[in-house]
Amino acid sequence: MKKELEILVYHLGYGGIEKAVSSLASLLKDEYTVSILSLYRLYDQPIFPFDPSIKIKYLYETDIPLKVKKYNQLLKKMQIAKLLKAIWQDYFKGFHFLTFFHDFFGSVSIYFLNGRFRKLKRHLKQDNSHIYISTRHEISKYLVKYGNHNSLKIGWEHNHHHDNLKYKNAVVKNSKDLDYLILVSRMLTKDYQKEMALMRCRPVYIPNILDQDLSFVSDYSEPRIVMVGRLESEKGLFDAIEVVKRLQEKMVSFHLDIIGDGPLKQDLEQNIIKRNLGNYVTIHGFQNHDYIEKIFLHASLYLMTSFTESFGLVLLEAMNAGIPCLAFTSAEGACELIQDDMNGYLIGERNIEQMAHKIICLLSNREKLIILGKNAKSFSKNFLPNSVKLLWYQMIEGGK
């Protein structure tokens, strides 16, 4: 009889953690009876695919906590205009007045009175899974306190603390009584191993999973630069537009394809129009793998402008298509994946001029693109499912 394994998540919407959960569930479904417990539901169906054998349960059939978190972040930053704009778009633009008042009182119960964790506490007290994987340190706190005493308890930390001691200390505090804390970064693993040396919990490095090995590599036939991900502030997308402006001043033929959706989409589109870059940039919105692969098939470079990135799975997906990658060193995860003059280049100090110069040099040198792309394809194979699955299986079976 298979052991029961439950993955605990906030939601199953857009995001790197949610994509990683989908991949991990698929990876472990043959060895374990896998289920997902999501604190709240954002959409009728999860954004990323799950095998029919994987049971999904929602504690709240609502997205109130996500909205309140967004509003709270804007309020803390005193971005009142953006706060009012967000409320307008979520409710009043569509004349959802009754929904607003219903959600307001619901948010008081669910979020401010800690109701979202009340149901989690009740679930953990009643559930008898053999293995739990918590994807947030806030959830780990309840897992340790109320989870089955004989179960294997694993934390899975995807975020980089960026020397934010408050966040780092919260991760350590909420994880110290787990059996394992999985980190997707080697650097973070060493950091937490030092912090938790005398604690019960053992920090372990296991990278994220590259779902598939593509059957093709790009032919570099078009001077296309690609970006994939959530359109949010930490991705540094306005710096990407600034790079495009520098390219436009020095090159005739190139195009940036941005694939993804998020809160900054409208602001980005307006900025592109304002700077007369409509012929050089396309925002495609959220798209499936087939759509992305069609763009990868002819692309020449992948660009990452993130201020922060714990792992950077999209870099591996681009590398697997034989596409050299460029990133700023501020994206810590990129520094563990990109090797200068091997599979791409890292640009220091968020130097936009230097990034633009490197892009121009590479787009004018197809032979170099082919060499970098070949190395990128080879490097990406280290993260394919079978390699990562072995690490998870050895860790789980070496536990309780």
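Residues numbered from 1 in each chain as written. Predicted model: local features only at pLDDT ≥ 70, side-chain atom pairs only at ≥ 80, totals over all residues. Heavy atoms only, no water.

**Some remarks on the sheet that holds strand β9 (residues 255-259)**
Sheets are built from strands paired through backbone hydrogen bonds, the pairs being either parallel or antiparallel. With parallel pairing, the six strands of this open sheet are ordered in space as β10-β9-β8-β11-β12-β13. Each edge of the open sheet carries a strand with a single partner, namely β10 (281-285) and β13 (344-347). Adjacent strand axes in the sheet meet at a mean angle of 20 degrees, parallel and antiparallel pairs treated alike. Of the pairings in the sheet, the one linking β9 to β10 comprises four bridges and is parallel in character. (Pairing = 2+ DSSP bridges. Helix = DSSP H or I, 4+ residues; strand = E, 2+ residues; numbered from the N terminus. Axes fitted to C-alpha atoms, helices over the stretch in contact; angles between N-to-C directions.)

**Structural notes on unusual backbone geometry**
Residue D341 is not a glycine yet carries a positive backbone phi of 65 degrees. The residue D341 is located in the loop between α13 (332-335) and β13 in this model. By relative accessible area, which is 42% here, D341 ends up partly exposed. The phi dihedral of E349 falls on the positive side, at around 55 degrees, and the residue is not glycine. (Buried < 20%, exposed > 50% of the residue type's maximum accessible area, 1.4 Å probe, protein only.)

**Observations concerning the nonpolar core**
Counting 64 residues, the largest nonpolar core has I7, I154, Y302, W392 and I396 as the members making the most contacts within it. In contact with I396, not counting residues within four places along its chain, are L5, L28, Y32, I131, L152 and I154. Among the nonpolar cores identified, the runner-up in size contains 35 residues, and I225, L237, I272 and L277 belong to it. (Core = buried A, V, L, I, M, F, W, Y, C linked by side-chain atoms within 4.5 Å. Contact = heavy atoms within 4.5 Å.)

**A few points about the sheet that holds strand β2 (residues 32-40)**
Read from one edge of the open sheet, seven strands run β3-β2-β1-β4-β5-β6-β7, paired in parallel fashion. Where the open sheet ends on each side, the last strands, each with one partner, are β3 (55-60) and β7 (202-205). Adjacent strand axes in the sheet meet at a mean angle of 25 degrees when their direction is disregarded. Pairing of strand β4 (residues 131-134) with strand β5 (residues 152-157) involves four bridges; the strand directions are parallel. Pairing of I133 across the sheet is with I154, part of β5.

**What to know about the packing of helix α9 (residues 237-250) against helix α10 (residues 265-274)**
Running from N to C, α9 and α10 point in directions that differ by 20 degrees, and their axes come no closer than 11 Å. As judged from the angle between their axes, α9 and α10 are roughly parallel. Remark: the crossing between α9 and α10 carries right-handed chirality. In contact with L237, F238 and I241 of α9, α10 contributes D267, L268, N271 and I272. Split into classes, the residues belonging to the contact of α9 with α10 amount to five nonpolar, one polar and one charged. (Parallel < 35°, antiparallel > 145°, perpendicular 65-115°, else oblique. Left-handed = near helix turned anticlockwise from the far one by under 90°. Nonpolar A, V, L, I, M, F, W, Y, C, P; charged D, E, K, R; others polar.)

**A look at the pattern of salt bridges**
Per the counting criterion, the structure on display carries 22 salt bridges. For the salt bridge of K3 with E397, the shortest nitrogen-to-oxygen distance reads 3.3 Å. One end of the pair, K3, is in strand β1 (residues 3-9); the other, E397, is in helix α16 (residues 385-397), and 394 residues separate them in sequence. A salt bridge links E18 to R136; the shortest N-O distance between them is 3.9 Å. Of this pair, E18 sits in helix α1 (residues 16-28) while R136 sits in the loop between β4 and α6 (137-146), and the two are 118 residues apart along the sequence. The two residues E18 and R136 agree in class, both being buried. (Salt bridge = Lys/Arg side-chain N within 4 Å of Asp/Glu carboxyl O.)

**Observations regarding the environment of G344**
If you trace the backbone, G344 turns up in strand β13. In this structure, the C-alpha to C-alpha distance between G344 and P46, residues 298 residues apart in sequence, is 33 Å. For G344, the residues in contact, after removing those within four places along its chain, are C325, I338, Q339 and L372.

**Considerations on the packing of helix α12 (residues 313-320) against helix α15 (residues 366-380)**
α15 packs onto α12 with a crossing angle of 120 degrees between their chain directions and a minimal axis gap of 7 Å. Classified by the angle their axes make, α12 and α15 are oblique. Between α12 and α15 lies a crossing whose hand is left-handed. Every residue of α15 that contacts α12 at L316, M319 and N320 is listed here: G373, A376, K377, F379 and S380. Here the residues of the contact of α12 with α15 are counted per class, giving four nonpolar, three polar and one charged.

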